[in-house]
Amino acid sequence: MPKKKAVKKVVTKKVVVKKVVKKKVAAKKVVKKKVVKKKRTPSAAFMKPMQISDALANVVGSKPLPRTEVTKKLWVYIKKNKLQDSVNKRMINADANLKAVFGGKNKVSMFEMTKLVSKHLS
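Residues numbered from 1 in each chain as written. Predicted model: local features only at pLDDT ≥ 70, side-chain atom pairs only at ≥ 80, totals over all residues. Heavy atoms only, no water.

> Would you explain the pattern of salt bridges in this entry?
Any two side chains of opposite charge can pair, given that their charged atoms come close. The full count for this structure, using the stated rule, is three salt bridges. The salt bridge partner of E112 is K105, with a shortest N-O separation of 2.4 Å. (Salt bridge = Lys/Arg side-chain N within 4 Å of Asp/Glu carboxyl O.)

> Even after reading the chapter, I still don't get the side chain of H120, so can you show me in this structure?
Position of H120 relative to the elements: it lies in the segment after α6 (110-118). For H120, a relative accessible area of 17% translates into the label buried. Here V101 takes part through its backbone oxygen, which lies 3.0 Å from a polar atom of the side chain of H120. Once residues within four sequence positions are removed from consideration, H120 is found in contact with Q51, I52, S53, A55, L56, A100 and V101. (Helix = DSSP H or I, 4+ residues; strand = E, 2+ residues; numbered from the N terminus. Buried < 20%, exposed > 50% of the residue type's maximum accessible area, 1.4 Å probe, protein only. Polar contact = N/O pair within 3.5 Å; in protein donor to acceptor, adjacent residues only side chain to side chain. Contact = heavy atoms within 4.5 Å.)

> Explain the packing of helix α4 (residues 67-80) against α6 to me, please; I cannot follow it from the model alone.
Two quantities define a packed helix pair, namely the angle between the axes and the distance from one axis to the other. Running from amino to carboxyl end, α4 crosses α6 at an angle of 125°, the nearest separation of the two axes being 12 Å. Relative to α6, α4 is oriented oblique. Viewed along their axes, α4 and α6 form a crossing whose handedness is right-handed. Here R67, V70, L74, W75 and I78 of α4 come into contact with α6, specifically with M110, M113, V117 and S118. For the contact of α4 with α6, the per-class residue count stands at seven nonpolar, one polar and one charged. (Axes fitted to C-alpha atoms, helices over the stretch in contact; angles between N-to-C directions. Parallel < 35°, antiparallel > 145°, perpendicular 65-115°, else oblique. Left-handed = near helix turned anticlockwise from the far one by under 90°. Nonpolar A, V, L, I, M, F, W, Y, C, P; charged D, E, K, R; others polar.)

> So what exactly am I meant to see when it comes to α6 here?
Counting along an α-helix, one turn takes 3.6 residues, and residues three or four places apart therefore face a common direction. Within α6 the residues assigned to the buried category are M113, L116 and V117. For α6, the buried positions fall inside an angular range of 100° around the axis, keeping them on one side. Seen from the buried face of α6, the exposed residues on the opposite side, beyond 90 degrees, are F111 and K115. Of the surrounding elements, those touching the buried residues of α6 are α3 (54-60), α4, β1 (91-93), α5 (96-101) and β2 (107-109). (Arc of directions from axis to C-beta.)

Right under this line is the structure:
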């Protein structure tokens with residue numbers, strides 16, 4: 001008789017182990033959530049039309065424009081006149097109009113360009 005009791009305990013332990021394993025597998029399958037990203041709103045300061053100096057007006061036009069539009073028009077002018085350096089694309093070679101904007105410099109990096117252009121906006 002004791003043998004039958006021992007067999008039952010082993011069998012019941014196996015059944016319990018199998019149930020626990022099945023529950024863990026099922027729980028792993030249901031772990032996906034969708035993350036909703038918020039749309040980024042532009043800063044009002046960048047969208048405010050700024051007065052343009054005479055030197056910069058020769059390049060982008062004389063009517064007031066936001067900073068973002070000034071930068072876009074400046075890049076259109078640079079690409080149209082092929083003023084971007086062929087070896088180092090980050091450098092801009094100034095022509096007569098841009099030289100006045102860049103403070104008399106012949107070559108300016110694209111990062112320095114935005115700093116120099118901001119002096120011509122008010």
